[in-house]
Amino acid sequence: MELALLESLHWDVHPPTPQAFCLELVRLVPSHVPPVTRHNLLQTAQFLIELSVCDTRFVAKSPSDIALAAMISAFELSALAHYKIEFLDHAHKIGMAFENDRVIGCYDILQELYNQGGYD
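All figures in this text were calculated on a predicted structure; none of them were measured in a lab. (Residues numbered from 1 in each chain as written. Predicted model: local features only at pLDDT ≥ 70, side-chain atom pairs only at ≥ 80, totals over all residues. Heavy atoms only, no water.)

Asker: Help me understand the overall build of the protein in this model?
Answerer: Looking only at helices and strands, one finds six helices and zero strands in the protein. Dimensions along the principal axes, computed over C-alpha positions, put the protein at roughly 50 × 35 × 25 Å. Out of the 120 residues in the protein, the part that is buried amounts to 39%. A separation threshold of at least 6 residues defines the contact pool for the protein, and within that pool the share at least 24 residues apart is 73%. For the protein, the exposed surface amounts to about 7400 Å²; the carbon and sulfur share of it is 59%. Looking at charge distribution, the protein has the averaged site of its 7 positive side-chain charges lying 5 Å from that of its 15 negative ones. (Helix = DSSP H or I, 4+ residues; strand = E, 2+ residues; numbered from the N terminus. Buried < 20%, exposed > 50% of the residue type's maximum accessible area, 1.4 Å probe, protein only. Contact = heavy atoms within 4.5 Å. Areas by Shrake-Rupley, 256 points an atom, 1.4 Å probe, with all protein chains shown as cover. Lys, Arg positive; Asp, Glu negative; His and termini not counted. Charge placed at Lys NZ, Arg CZ, Asp CG, Glu CD.)

Have a look at this one:
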């Protein structure tokens with residue numbers, strides 16, 4: 001069935017990217033977070049995702065793991081850690097595992113890249 005669908009689309013499909021997952025994850029940010037703060041959080045997460053493109057350790061990583069790690073990092077880098085708990089609660093409710101080795105590994109590498117870049 002999948003093969004027939006792909007052939008009918010002439011294999012013109014694109015896998016979801018970390019950026020696409022991030023755009024969906026931002027919906028889990030608590031509703032009482034002001035829009036400008038939500039936008040800044042998204043921009044920070046997108047920047048971190050862009051950093052991941054420059055490191056070969058991310059090649060085998062799942063786009064959803066990279067996006068979730070970037071969102072968690074963005075909360076911390078944006079001094080919005082107090083909203084992070086609510087965000088993670090929402091993520092947990094939809095089945096996203098944020099306390100696994102894959103997400104933690106992505107988080108650690110993103111933090112390393114950010115700190116090495118001197119973006120503070």
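Asker: Which parts of the structure should I look at to understand the environment of L88?
Answerer: Here L88 shows up in helix 5 (residues 81-93). According to the relative accessible area criterion, L88 is buried, its value standing at 13%. Between the C-alpha atoms of L88 and V29, which are 59 residues apart in sequence, the distance is 8.8 Å. Other than its neighbours up to four places away in sequence, L88 contacts I72 and F98.

Everything listed is a geometric property; what it means functionally is a separate question.
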